[in-house]
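Each chain is listed here by its residues.
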Amino acid sequence: MDARLEAIRDTVLARNPGEAEFHQAVVEVFESLGPVHDRHPEFLEAAILERLCEPERQIIFRVPWTDDAGRVRINRGFRVEFNSALGPYKGGLRFHPSVYLGIVKFLGFEQIFKNALTGMPIGGGKGGSDFDPRGRSDAEVMRFCQSFMTELYRHIGEYTDVPAGDIGVGGREIGYLFGQYKRITNRYESGVLTGKGVSWGGSLVRPEATGFGTVIFTQEMLKTRGTSLEGQRVVVSGSGNVAINAIAKAQSLGATVVACSDSSGYVVDETGIDVALLREVKEVQRARLKEYAERRAGVSYVDGGSVWDVGATVALPCATQNELDGGAAARLVRGGLVAVGEGANMPSTRGAIAVFQEAGVLFGPGKAANAGGVATSALEMQQNASRDSWSFEHTEERLTDIMVGIHERCAATAEEYGEPGNYVLGANIGGFVKVADAMLAQGLI
Ligand code: NDP
């Protein structure tokens, strides 16, 4: 790493003790930014990096609610409003027991660069809670969401901060959150949240957008080597929103997705995952993935273990951070891996990324490859602002154009900085320069 940046990194790490995921995200970005500071010494003089690593605002709050047995429960809520140089803070809410400030900050930090890469006018933020929706009734989830919004509402707004979904937050949760926001403020402010239902201000294609976008980005990477997804053997981790839609899109482009997972285990389905059945099991019944194997002949279920042990030519990690380590990466490479498109945020460890890059595997980092979700959220905001709703075809076309544009921007930036094909460098520099220019123009704030 560039020596000037090392000193800034050390300060950031010391100022934010115990936040391992945030440290990881910061270090990964800093490793790309040396050459930018050679060309732009003004960024160092204006302390852009120091400011970028310090969120503009961090909100932590108590979320009290009662479970179905009448017992009082207390969770912790977070919203980190990281950077508004390009637009209102934008980024999802995650409900998962592992959520703490370090996770929210890593996600918010990544979001700044991701949102810049989309070319849309959105800043970076992220939030969530250590609430675990798994095994909770609809009524419990609703009471939790109402309590969460009873504090959050005072910090958000269509010109301020626009949350969306993430792990554990889908259409059901966005509905309860929006209902409570409307009730408290007495405003039908559609643009305050994205991921809404289509009949009340949501956008077609938003549920599919992150998974679809990841696959479109991966297809663009493959094209640079004169190949495509047609005929590829694909493994996807996770079986949530991003994973299911990535599977659907990959198979529509001629790939065979032979495995997917949840946090309990994985299924291997050599003839290709049956997307309709997977949706039924996961989205309608909210059941475990094991049920998919029980309902389809010829499918094996592996309890525990790693889905990356199933060999593939294309890997799409779509579950969670640090789910794919150096050992798994090496096994995948030995099995003939050609490309990785990250649907999740930071799913590959730094060790895994090094293995992929050394082996010449095409590697699309999450901040570029999974940007289709937030980009379509920005399209939802556009539709809300103009009180319009677009067709599926038109919205999907916009999403495709945006993903192709992000791929081009990353590839061109990597080329410009002398490392053609290095999408990590391309995404980090491409996103950073846009934000840094805007911060410089807006003065010391
Ligand atoms: P969902 O809650 O819909 O699904 C998450 C999936 O990942 C589930 O299959 C879940 O399994 C699995 N998972 C979650 N945590 C773990 C864990 N600690 N270990 C193993 N498996 C785990 O979330 P999404 O699909 O929305 O999000 C997946 C990833 O994509 C996240 O990294 C998120 O930040 C990222 N992302 C999401 C976007 C969106 O639009 N939703 C946009 C951009 C990125 P189980 O059910 O067993 O918990």
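Residues numbered from 1 in each chain as written. Predicted model: local features only at pLDDT ≥ 70, side-chain atom pairs only at ≥ 80, totals over all residues. Heavy atoms only, no water.

Draft legend 1. Broad picture of empty space enclosed by the protein. Across all of its chains, the model carries one cavity of 30 Å³ or more by this definition. Contributions of two or more residues to the lining of the largest cavity are made by α2 (20–30), α14 (350–358) and α15 (366–369). Per-class residue counts for the lining of the largest cavity are three nonpolar, three polar and five charged. Domain assignment of the residues forming the lining of the largest cavity places at least three in each of domain 1 (3–189) and domain 2 (208–364). (1 Å grid on protein atoms, 1.4 Å probe; cavity = no way out; pocket = protein on both sides within 12 Å on 5 of 7 lines; lining within 4 Å. Points joined across faces, edges and corners; volume = space filled by probe spheres on them. Helix = DSSP H or I, 4+ residues; strand = E, 2+ residues; numbered from the N terminus. Nonpolar A, V, L, I, M, F, W, Y, C, P; charged D, E, K, R; others polar. Domains from an automatic or database assignment.)

Draft legend 2. A look at α2. With respect to burial, α2 is a largely interior element, ten of its eleven residues being buried. Buried within α2 are the following residues: Glu21, Phe22, His23, Gln24, Ala25, Val26, Val27, Glu28, Val29 and Phe30. (Buried < 20%, exposed > 50% of the residue type's maximum accessible area, 1.4 Å probe, protein only.)

Draft legend 3. How the structure looks around the pattern of salt bridges. This model, assessed by the stated rule, comprises 30 salt bridges. The salt bridge involving Lys367 is made with Glu28; its shortest N-O contact spans 3.5 Å. Placement of Lys367 in helix α15 and of Glu28 in helix α2 is noted, with a sequence separation of 339 residues between them. A single burial state applies to Lys367 and to Glu28, both of which are buried. Note that Asp138 and Arg172 form a salt bridge whose closest N and O atoms lie 2.6 Å from each other. Of this pair, Asp138 sits in helix α7 (residues 138–152) while Arg172 is found in helix α8 (residues 171–185), placing the two residues 34 residues apart along the sequence. Salt bridges sharing common partners tie together Asp2, Arg4 and Asp38. (Salt bridge = Lys/Arg side-chain N within 4 Å of Asp/Glu carboxyl O.)

Draft legend 4. Highlighting the sheet that holds strand β2 (residues 72–83). Taken together, five strands build an open sheet; the order of strands is β1-β2-β4-β3-β5 and the sheet is mixed. Whereas interior strands pair on both sides, the edge strands pair on one side only; in this sheet they are β1 (57–66) and β5 (161–164). Each neighbouring strand pair of the sheet contributes to a mean axis angle of 20 degrees, computed without reference to strand direction. As judged from the four bridges shared by strand β3 (residues 89–95) and β5, these two strands associate in the parallel manner. In the sheet register, Tyr89 faces β5, and the bridge partner there is Asp161. (Pairing = 2+ DSSP bridges. Axes fitted to C-alpha atoms, helices over the stretch in contact; angles between N-to-C directions.)

Draft legend 5. Summary view of the site of the ligand. Surveying the vicinity of the ligand reveals 25 residues, the closest of which are Asp166, Thr210, Ser263, Arg288 and Asn345. Measuring from an oxygen atom of the ligand, one finds a backbone N or O atom of Val242 at 2.9 Å. One of the backbone nitrogen or oxygen atoms of Gly343 is found 3.5 Å away from an oxygen atom of the ligand. Within the complex, the protein chains bury 82% of what would otherwise be the 880 Å² of accessible surface of the ligand. The set of elements that each furnish at least two residues to the shell around the ligand consists of α9 (206–223) and α10 (241–252). Partitioned by chemical class, the residues of the shell around the ligand number five nonpolar, 13 polar and seven charged. Residue-level mapping places the shell around the ligand at the junction of two domains, with at least three residues from each of domain 1 (3–189) and domain 2 (208–364). (Near = heavy atom within 4 Å. Polar contact = N/O pair within 3.5 Å; in protein donor to acceptor, adjacent residues only side chain to side chain. Areas by Shrake-Rupley, 256 points an atom, 1.4 Å probe, with all protein chains shown as cover.)

Draft legend 6. The nonpolar core, seen in detail. Among the nonpolar cores identified, the biggest contains 57 residues, and Tyr292 and Ile406 are the most heavily contacted of them. Among the domains, domain 1 (3–189) and domain 2 (208–364) are the pair contributing at least three residues each to this core. Excluding residues that lie within four positions of it along the chain, Tyr292 makes contacts with Val267, Asp269, Ile273, Asp274, Leu277, Leu278, Val281 and Val299. Counting 40 residues, the second-largest nonpolar core is a separate cluster that includes Ala85, Phe113, Val435 and Ala436. (Core = buried A, V, L, I, M, F, W, Y, C linked by side-chain atoms within 4.5 Å. Contact = heavy atoms within 4.5 Å.)

Draft legend 7. Looking closely at α8. Across its 15 residues, α8 extends 21 Å between first and last C-alpha, which sits within 8% of the 21 Å expected from 1.5 Å per residue. Inspection of α8 places Arg172, Glu173, Ile174, Leu177, Phe178, Gln180 and Tyr181 among the buried residues, and these make up the whole buried set. In this fold, the buried residues of α8 make contact with β3, α7 and β5. With its phi angle positive at about 55 degrees, Asn186 sits one or two positions after the end of α8. (Expected span 1.5 Å × (residues − 1).)

Draft legend 8. Quick look at the sheet that holds strand β7 (residues 256–261). Pairing is mixed in the open sheet, where seven strands are placed in the order β9-β8-β7-β6-β10-β11-β12. Of all strands in the sheet, those with a lone pairing partner are β9 (300–303) and β12 (362–364), marking the two edges. Ignoring which end each strand starts from, the neighbouring axes of this sheet average 15 degrees apart. Here strand β6 (residues 233–237) pairs with strand β10 (residues 314–317) via four bridges, running parallel. When the bridges of β10 are listed, Ser237 appears paired with Pro317.

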